[in-house]
Amino acid sequence: MALDVPENVVVSQLDALASWCRKNSLWPMPFATACCGIELMATGASRHDLARFGAEVMRFSPRQCDLMIVAGRVVMKMLPVLQRIWQQMHEPKWCISMGACASTGGVFDTYCVVQGIDRFLPVDMYVPGCPPRPEQLIQSIIDLQDQIQREGTIGGREFATRSRQQPKRALVELPVISLPRGVSHLPQGVRVE
Amino acid sequence: MIDPQTIAAATAAFPSLSWSEFRTDTRAVAPRDELYAVLEFLRDRRGFDLLVDITCVDYANYRGAEDRFGLVYLLANTRTNERITVRAFVNEPDVCVPSVVPLWEGANWLEREVWDMFGVRFEGHPDLRRILLPDEFTAHPLRKDYPLQGRGERHNFPVLHRAD
Amino acid sequence: MPLAAANTVEDLAQAEARDYLWTLNFGPQHPATHTTLRLVLMLDGERVVDAIPDIGYLHSGFEKLGEHLNYNQYVTVTDRMNYISPLSNNIAWHGAVEKLLGLELTPRCKYLRTILAELSRISDHLLCNGAVGLDTGAFTYFLYAFYQRELLYDIFEALCGARFTNSYTRVGGAMYDITPLVIEKIRAFVRGFPKTLLDMERLLDRNRIFVDRTKDVGVLTKAEAIRRSATGPIARASGVTRDLRKDEPYLAYGDFDFQVCCATAGDCFARYLVRMAEMRESLKIVAQAIENLPTGPVNVGIDERTTLPNKQQVYSTIEGTISHFELMMANRGFTVPHEEVYGATESPNGELGFYLVGDGTDVAYRARCRPPSYIHFALFPHLIRGHTLSDVVAVLGSLNIIAAELDR
């Protein structure tokens, strides 16, 4: 039996509606540590405007945000702070790891920089670049919006799937090659004393 | 660049200083026991009122080095724009040097960083503790026997999952 | 992180008697701390009794990396120190390396580096003053400053390919020579910037709110500035007339007519005014330099064996081929004296210097960066004592603390 639906009624799924609302009002929590933080500020400034995509305010309070953008290198002294802020954010929450340093440690393969925050936090989107151009960051937010629309549920069940639960790593660590002293031009491997 | 009278006056007061010059830098090596007196003399009598930097070099792998740690004090004279570098060498096991915080307040954090990175103690420093690394860190990273990637401290943290 | 508070309060018994003080953690994640700084403030109501800084939240081991990367690779890392004006870090690093090697740059390269150093000085001061404006509530000023910085980014992108973190300099020269397009962009910037600077001054110079928030706040006297090793605009705003561009001229600064901007008050407002004035002087230098750019090569000649020769020389002359081979192949590279040197430049933040220890190979044995932000942050507890909580933000902004240079 066909239902006679008037013209100003839209029929959809509740999950799709909730995802549509959430994706278009992602409020970022900028966790800006270093140079990527400046590109994050430039993305929010007037030339590349992030507010067009729903990220109207960059609230610095974790209780009021849903999207944490980790921009910049995270050192081991800062990581507990980062984890605490992640825990303080309310569900549903997403994380973008912006830049090479947040995704894999970047240039800094040193004793104090965490080689990728995805070792310790669940990350949804990685943005490569050092620093990524504002257009790249905007693209990553658009991609995240598409992902939310595709997989989002109103109850947050998409986070309970096995693939989301397992920690995945952007960087697989190779064994360190110990080079003889004086050989410094080789592109791979870092000299270890 | 430096006024020759400064060199003459300093040598007259402290004969054990050895001088060298390289590309407009004038360097003086002072024995550790006279270091504080030399710096005080330079500040009070020769007008080197600006402490530019305090740093340390670990000469463990350096060709032709006799001592392990070389402390470097860079001074500048704001009136005549002279610069001078004063060096002092220390060896293990007695890796400590008098602090120059009474002379220049700016030395406070510079010495804390040298302690943090190299493990050189400064006697008389009001607050000698780690500044750049976490307090729980045990090693002194800029020493030559510490590897670049560290000894696993950077990944010694709990992992957060979505379920948490 | 546990902090020992006893060291900064003279008498511990006195501290216990004043237990009405409360502690506020101005944590490492805060919009007004420019990236990761932490301040533990001990407050009496709104008055700051003491401020204990806790740093190291961005310590990335730059100096240890300097012992593993060669002189041309490390310039990419120096970009990431003071990331507001990365070109001035590159120029400072290679200035120190060239001092160690005893290289004399070509006139064109000196002029180019001078122009870029001054443009990055404008960029840094725009961001510093913009951030002071933003933190004290002047959002429009911040947006004006950021728009001008976007124009500067366009210039840098046309020249080096990257908006910032452009590792532009190389030992003995630069990555690319300047093109006519870039010269035109710089000329357009020189023409258009004074008007924006006037607009920005009109917004804040006589603005009652801004002046009340920054005048007599965070006063640094001349004697204290010298005693605490302050350099750069902070020292000049306190009356210390020291500017390395005039006192120890490097690059092509001796050829230009510009003035050193100083003030005597030493408060936040003086620092703001000094930076605005310095931007004007920098623009004067750029305008003079861009019209008188000498012709010739950018890199030093092949005889020095430090810079890669251009491809024409590599393919047609034997010296070019040998030079290229010597520099590119592993286990070769240019030789460096077995000596130590300190090379400093006047970066926008203060005196940025590198203490280099060379050991013969083209990897530094020790690359120490003398960070102006680190030394200026040590001033902070001295400046903020007695002021209110809202002044913390103004003073912190006026000191231009860049966390990456602070922690290295």
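Refer to the preceding data block for the structure.
What counts, and at which threshold
- Residues numbered from 1 in each chain as written.
- Chains lettered and ligands numbered in written order.
- Predicted model: local features only at pLDDT ≥ 70, side-chain atom pairs only at ≥ 80, totals over all residues.
- Heavy atoms only, no water.
- Contact = heavy atoms within 4.5 Å.
- Buried area = accessible area lost by both parts, 1.4 Å probe.
- Salt bridge = Lys/Arg side-chain N within 4 Å of Asp/Glu carboxyl O.
- Polar contact = N/O pair within 3.5 Å; in protein donor to acceptor, adjacent residues only side chain to side chain.
- Helix = DSSP H or I, 4+ residues; strand = E, 2+ residues; numbered from the N terminus.
- Buried < 20%, exposed > 50% of the residue type's maximum accessible area, 1.4 Å probe, protein only.
- Pairing = 2+ DSSP bridges.
- Axes fitted to C-alpha atoms, helices over the stretch in contact; angles between N-to-C directions.

Let's talk about the interface of chain A and chain C
1) Next: Taken together, the contacts link 40 residues of chain A with 48 residues of chain C.
2) Next: Interface area, chain A with chain C, both sides summed: about 3,800 Å², of which 61% is carbon and sulfur.
3) Next: Summed over the shared surface of chain A and chain C, the number is five salt bridges.
4) Next: Viewed at the interface, chain C and chain A are joined by 11 residue pairs in polar contact (both at pLDDT 80 or more).

Quick notes on the interface of chain C and chain B
1) Next: Contact residues are listed per partner, giving 52 residues for chain C and 54 residues for chain B.
2) Next: Both faces considered, chain C and chain B share a buried interface measuring about 4,500 Å² in area, 53% of it formed by carbon and sulfur atoms.
3) Next: At the boundary of chain C and chain B, one finds 10 salt bridges.
4) Next: With a shortest N-O distance of 2.8 Å, Arg-27 of chain B and Glu-339 of chain C are connected by a salt bridge.
5) Next: Our count for the chain C to chain B interface comes out at 34 residue pairs in polar contact (both at pLDDT 80 or more).
6) Next: It is strand 6 (residues 340-347) of chain C that contributes the most residues to the side of chain C that touches chain B, four residues altogether.

Some details on the environment of Ile-384 of chain C
Residue and element names in this part refer to chain C.
1) Next: With respect to the helices, strands and loops of the structure, Ile-384 is situated in helix 16 (residues 380-384).
2) Next: Classification of Ile-384 by relative accessible area gives buried; the value is 0%.
3) Next: The contacts of Ile-384, once residues within four sequence positions are left out, are Val-48, Ala-51, Asp-391, Val-392 and Val-395.

Here we look at the side chain of Thr-85 of chain B
1) Next: Turning to its location among the elements, Thr-85 of chain B is positioned in strand 5 (residues 83-90).
2) Next: According to the relative accessible area criterion, Thr-85 of chain B is buried, its value standing at 6%.
3) Next: Discounting residues that sit within four places of it in the chain, Thr-85 of chain B has contacts with Thr-26, Arg-27, Ala-28, Val-72, Tyr-73 and Leu-74 of chain B together with Tyr-355 of chain C.

Focus on the sheet that holds strand 6 of chain C
All names here are of chain C.
1) Next: In spatial order, the strands read 6-7-8; together these three strands make up an open sheet with antiparallel pairing. With one partner strand each, in any of the chains shown, strand 6 and strand 8 (366-370) form the two edges of the open sheet. Pairs of neighbouring strands in the sheet enclose a mean axial angle of 15°, with direction left out of account.
2) Next: Taken together, the five bridges between strand 7 (residues 350-357) and strand 8 define a ladder with antiparallel strand orientation. Of the residues in strand 8, the one forming a bridge with Gly-353 is Arg-370.
3) Next: Along the sheet face, helix 4 (residues 86-101) touches strand 6, strand 7 and strand 8 and points at about 40° away from the line of strand 7.

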